[in-house]
Amino acid sequence: MDKTLLLEAQIREHTGSKAAARVRKQGQIPGIVYGHKQDPVAILLNAHDFSEGLHHGHRLMDITVGGKTEKMIVKELQYDHLGRNIVHVDLMRVDVTEAVRVSVPIELKGTAKGTHEGGIVEQHASQLEIECLVTNMPESIVVSVKELGVGQAIHAGEVALPEGVTLVSPPEMLLAACHVVAAAKTTEELEAETPVAPEVIGEKKEEPAESGE
Amino acid sequence: MAMMPKRVKYRKSQRGRMKGNATRSNYVAFGEYGLQVLEMSWITAKNIEAGRVAATHFLHREGKVYIRVFPSKPVSSKPLETRMGKGKGEPEFWVARVRPGQVCFEVGGVTEEVAREALARVAHKMPIRCRFVRRRHAV
């Protein structure tokens, strides 16, 4: 990833949920910076600038804290209950010569061969964990599904990774598969399959009375 | 009856009270796009089935629909023209309890425009306000 974003952060003096809620109302995101065996620092970032950076694929950022600019990667994001706003961010100090483990999104490219035979491509994993130098961090891993026929699958080990990037996720992890979808069941078919009432655990079933002779 | 548990511990349940927001199932986990509930409500098995039919009919075997809510709560009612008393009524239908933030339907394997249209049709079948959501950023 050759993209870096320069952001200015303020040192957060008041911690705790009330203070954090107050700064969120003012358009800032509370966060924490850690790593490189230094003391963690509570910070404040501009919510708009940080969110814009994330939308544009920035994961590596140059952040100025207390007059000192350091390279940091986004380690964790916390969202509100609707997932609309970021409520907290974890940033980790990194060095340009340092290898880091990150999760990058998987992007499926092309139209699978199997889709012409009535199949659909189902993506089973959306992220891939990789290890690479901070400067080599890809924005996403592009996986070509052009040669994927019906009944075939692509595993993590089969993906061609960019130079300098090694796979951390298990190589047998299923990324995408092409298969034929059975026709969706109609409501009537589903109703016919399900019993009228569920079985009650521990309830004694009434045995049919034996017919007298 | 479309969706209901196969086995239950008790046949009838009390109504209960709901509060707070969804703390689980509040992000898109299986597909690429989802339908997020914005209000607290009971969603009946009929609502869920209507949503499933609307989405699968629109998608024409393209993509995949994931249903992330299950009606596990029985709702009982008394028959018409019955005097009060004589015990609790019989279970009539089943509901899923949803809280704001819960992702109830997901769609994968289709473009955003198709997913938007499919989930809009599902939203029309829901008894509450819903919104279209995407996957969160990978970090």
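Refer to the structure presented above.
What counts as what
- Residues numbered from 1 in each chain as written.
- Chains lettered and ligands numbered in written order.
- Predicted model: local features only at pLDDT ≥ 70, side-chain atom pairs only at ≥ 80, totals over all residues.
- Heavy atoms only, no water.
- Helix = DSSP H or I, 4+ residues; strand = E, 2+ residues; numbered from the N terminus.
- Salt bridge = Lys/Arg side-chain N within 4 Å of Asp/Glu carboxyl O.
- Core = buried A, V, L, I, M, F, W, Y, C linked by side-chain atoms within 4.5 Å.
- Buried < 20%, exposed > 50% of the residue type's maximum accessible area, 1.4 Å probe, protein only.
- Domains from an automatic or database assignment.
- Contact = heavy atoms within 4.5 Å.
- Expected span 1.5 Å × (residues − 1).

### A few points about unusual backbone geometry
Where the residue is not glycine, phi is negative for most of them; where a peptide bond is considered, it is trans in most cases.
Then, number 1: In this model, Lys-37 of chain A sits at a positive phi of 55 degrees, which is unusual for a non-glycine residue.
Then, number 2: Among the secondary structure elements, Lys-37 of chain A is positioned in the loop between β2 (28-35) and β3 (38-46).
Then, number 3: The backbone of Lys-86 of chain B sits at a positive phi, close to 60 degrees, despite the residue not being glycine.
Then, number 4: Relative to the elements of secondary structure, Lys-86 of chain B occurs in the loop between β5 (73-77) and β6 (90-98).

### Notes on the pattern of salt bridges
Then, number 1: One pass over the structure, following the stated rule, counts 15 salt bridges over all chains.
Then, number 2: If you follow the salt bridges from partner to partner, you end up with Lys-68, Glu-70 and Arg-93 of chain A in one network.

### Description of the nonpolar core
A general trend in soluble globular proteins is that nonpolar side chains are found buried together.
Then, number 1: Grouped together as the largest cluster of nonpolar side chains are 27 residues, with contacts concentrated most on Ile-73 and Leu-175 of chain A.
Then, number 2: Listing elements by their share of this core, those giving two or more residues are β7 (99-109), β9 (127-133), β10 (141-144) and β13 (174-180) of chain A.
Then, number 3: For this core, the leading source of residues is β7 of chain A, giving four residues.
Then, number 4: Here this core gathers at least three residues from each of two domains, domain 1 (1-94) and domain 2 (98-184) of chain A.
Then, number 5: Ignoring anything within four residues of it in the chain, the contact list for Leu-175 of chain A reads Ile-106, Glu-122, Gln-123, His-124, Ala-125, Leu-128, Val-143, Ile-154, His-155, Ala-156 and Val-159 of chain A.
Then, number 6: Of all hydrophobic cores here, the second largest spans 24 residues; its members include Met-3, Ile-43, Leu-59 and Phe-132 of chain B.

### Examining helix α1 (residues 45-59) of chain B
Then, number 1: Here α1 of chain B is 15 residues long and its end C-alpha atoms lie 21 Å apart, about the 21 Å a rise of 1.5 Å per residue gives.
Then, number 2: For α1 of chain B, the set of buried residues is Ala-45, Asn-47, Ile-48, Glu-49, Gly-51, Arg-52, Ala-54, Ala-55 and Leu-59 of chain B.
Then, number 3: Those residues of α1 of chain B that are buried lie in contact with α3 (187-193) of chain A together with β3 (41-44), β4 (64-67), β6, β7 (103-108) and α2 (112-125) of chain B.
Then, number 4: His-60 of chain B, located one to two residues past α1 of chain B, shows a positive phi value of around 50 degrees.

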